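Chains, contacts and geometry: an overview
One letter stands for each residue in the lines below.
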Amino acid sequence: MEPSALPPETLEGWYALHQLYTVDRRALRTLAPNAARDLRCTTAETLATLMRHDDDGWSAIVSLAGSTADVLFVHFRPTLDELRDVQRRFERLPITDFLRPAMYFLSVTELGLYQLAAHGHNDAQHETRIRAERESPHTLRRLYPTVPADMPYVSFYPMSKRRDAGQNWYTLPLPERSKLMHSHGLTGRRYAGRVMQIITGAIGLDRWEWGVTLFAKDPIDFKKLVTEMRFDEASAKYAEFGDFYVGRLIEPDAWAEETLAP
């Protein structure tokens, strides 16, 4: 007999890196006015070359509020090597001498195919269903997301599933996990048009197992959505959350100005 606590099949897309920093403002205040001005111009110009937005990935800057970090840089690229290249190019920027790492999170956009569990392990149409799922517009939006033009607010947090005695997500039968995740997804769908969600998987890549990046028109929707989802059984019984980082998208020149302004 096959074990019932099987992992779901998943589809993966772009690799993702979330870089969180605090700004060493005391060190910045020691810069001479001319040096600060030059650093501001260089930062704006060089960051603009990294913040690309095309079919092969994108990057964004989030100015954070009320957080243990000051800024979030998020990057999506097709391969791990390309993501590593972006990280190295970023870390060579002069401004990084004044940034202190608060957290790095490596992951990859992911879609869990829990719904396939309903067809069983001997489904004759399995490959056809996988191919149809991979090509669907919904899947493409999940695996290769774009920055929403009218949702400037961002919330990022890492999370994992519990492995405690009596509350072990990884020992639940696949059909039961599928049912719980379906109910969990229905909550998120009620916020369509108000919140866009990017799920990235990090098992084998980072300490936390998933990352959640939310975009919204109104930041109060972060509170409402996460509150509702915590009452779903999938979260109430089995989810562990890391710190939340919330802020607003900002262009490179504007971030350089607010960070290095006299």
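Structural notes, computed from the coordinates. (Residues numbered from 1 in each chain as written. Predicted model: local features only at pLDDT ≥ 70, side-chain atom pairs only at ≥ 80, totals over all residues. Heavy atoms only, no water.)

**What to know about the pairing of strand β5 (residues 99–112)**
Definition in use: Should DSSP find at least two bridges between two strands, the strands are taken to pair. Segments assigned H or I by DSSP are reported as helices when at least four residues long, segments assigned E as strands when at least two residues long, and all are numbered from the N terminus.
In the sheet, strand β1 (residues 10–23) pairs with β5 via twelve bridges, with the strands oriented antiparallel. Paired with Leu 11 across the bridge in β5 is Leu 111. The pairing of β5 with strand β9 (residues 195–201) spans two bridges and is classified as antiparallel. The residue bridging Thr 109 from the neighbouring strand is Thr 200, located in β9.

**Here we look at the nonpolar core**
The following threshold applies: Here, the term nonpolar core denotes a set of buried Ala, Val, Leu, Ile, Met, Phe, Trp, Tyr and Cys residues that are joined through side-chain atoms within 4.5 Å. Residue exposure (1.4 Å probe, protein chains only): buried if accessible area is under 20% of the type maximum, exposed if over 50%, otherwise partly exposed. Throughout, a residue-residue contact means that at least one pair of heavy atoms, one from each residue, lies within 4.5 Å.
Ranked by internal contacts, the top residues of the largest apolar core, which has 21 residues, are Leu 20, Trp 58, Leu 64, Phe 76, Met 103, Phe 156 and Tyr 245. Elements represented by at least two residues in this core include exactly β1, β3 (57–65), β4 (71–77), β5 and β6 (153–161). Of all the elements, β3 adds the most residues to this core, at four residues. Excluding its chain neighbours within four sequence positions, the residues that come into contact with Tyr 245 are Leu 20, Leu 64, Ser 67, Thr 68, Ala 69, Met 103, Val 154, Ser 155 and Phe 156. Core analysis: the second largest hydrophobic core is formed by 18 residues, Leu 28, Leu 39, Val 71 and Leu 260 among them.

**Observations regarding the packing of helix α6 (residues 174–189) against helix α7 (residues 220–230)**
For clarity, the threshold we go by: The angle between two axes is taken between their N-to-C directions and runs from 0 to 180 degrees, where each axis is a line fitted to C-alpha atoms and a helix contributes only its stretch in contact. Should an angle lie under 35 degrees it is considered roughly parallel, over 145 roughly antiparallel, and from 65 to 115 roughly perpendicular; all remaining angles are considered oblique. By convention the crossing between two helices is left-handed if the near helix lies anticlockwise of the far one by an angle smaller than a right angle, and right-handed if it lies clockwise.
Remark: α6 packs on α7, axes separated minimally by 10 Å, with the N-to-C direction vectors making an angle of 160°. Relative to α7, the element α6 lies roughly antiparallel. Considering the relative orientation of α6 and α7, their crossing is right-handed. Contacts between α6 and α7 involve His 184, Thr 187 and Gly 188 on the former and, on the latter, Leu 225, Glu 228 and Met 229.

**Digging into helix α2 (residues 33–50)**
The criterion, for reference: In this scheme, a helix's expected span is set at 1.5 Å multiplied by one less than its residue total. In this context, the arc is that of the directions from the helix axis out to the C-beta atoms.
Relative to the 26 Å expected for 18 residues at 1.5 Å per residue, α2 spans 26 Å between its end C-alpha atoms, a close match to the ideal helical length. Listing the buried residues of α2 in full gives Ala 36, Leu 39, Arg 40, Thr 43, Ala 44, Leu 47 and Leu 50. Take α2 and look down its axis: the buried residues cluster within an arc of 130°, on one side only. α2 presents Glu 45 and Thr 49 as exposed residues on the side facing more than 90 degrees away from its buried surface. Tucked into the core, α2 has its buried residues touching α1 (25–28), β3, β4, α3 (80–91) and α9 (252–260).

**A short note on the side chain of Ser 136**
Defined as follows: As used in this structure description, the phrase polar contact means that two N or O atoms lie within 3.5 Å; if the pair is within protein, one of them must be able to donate a hydrogen and the other to accept it, and residues adjacent in sequence are counted only when both atoms belong to side chains.
With respect to the helices, strands and loops of the structure, Ser 136 is situated in the loop between α4 (126–135) and α5 (137–143). Of note is the side chain of Ser 136, whose polar atom sits 2.9 Å from the side chain of Thr 139.

**Focus on the packing of aromatic side chains**
Here is the rule we go by: Pairing of aromatic rings covers Phe, Tyr and Trp, the last counted by its six-membered ring, and requires centre-to-centre distances within 6.5 Å; plane angles under 30 degrees mean stacked, over 60 mean edge-to-face, and any other angle means tilted. Criterion for a charge above a ring: Lys NZ or Arg CZ within 6 Å of the ring centre, and within 35 degrees of the ring normal.
All chains considered together, the criterion is met by 13 aromatic pairs. On the numbers, 6.2 Å between centres and 35° between planes, the contact of Phe 241 with Phe 244 is tilted. Through successive ring pairs, a cluster of aromatic residues spans Tyr 21, Phe 73, Phe 90, Tyr 104 and Trp 255. Sitting above the plane of the Phe 241 ring, Arg 230 keeps its charged end 4.2 Å from the centroid. One residue, Arg 248, lies across the ring of Tyr 153, its end atom 4.9 Å from the ring centre.

**A short note on the environment of Phe 231**
Assignment of secondary structure puts Phe 231 in the loop between α7 and α8 (233–236). Separated by 47 residues in sequence, Phe 231 and His 184 have C-alpha atoms that sit 9.2 Å apart.

**Brief notes about α7**
Of all the residues in α7, the buried ones are Asp 221, Phe 222, Leu 225, Val 226 and Met 229. With its buried residues spanning 120° around the axis, α7 presents them on a single face. Where α7 is buried, its residues meet β6, α6, β9, β10 (210–216), α8 and β12 (245–250).

**Some details on the side chain of Ser 107**
Its location among the elements puts Ser 107 in strand β5. At a separation of 2.9 Å, a polar atom in the side chain of Ser 107 contacts the side chain of Thr 200. When neighbours within four sequence positions are excluded, Ser 107 is seen to be in contact with Tyr 15, Ala 16, Thr 200, Gly 201, Ala 202 and Leu 205.

**Observations regarding the pattern of salt bridges**
Put simply, the rule is: The working definition used for a salt bridge is a side-chain nitrogen of Lys or Arg within 4 Å of a carboxyl oxygen of Asp or Glu.
Per the stated rule, a full pass over the model turns up ten salt bridges. Note that Arg 89 is salt-bridged to Asp 85, the shortest N-O span being 3.9 Å. Residue Arg 89 and its partner Asp 85 are both found in helix α3; the two are separated by four residues, about one turn of the helix. You can call Arg 89 partly exposed: its relative accessible area is 33%.

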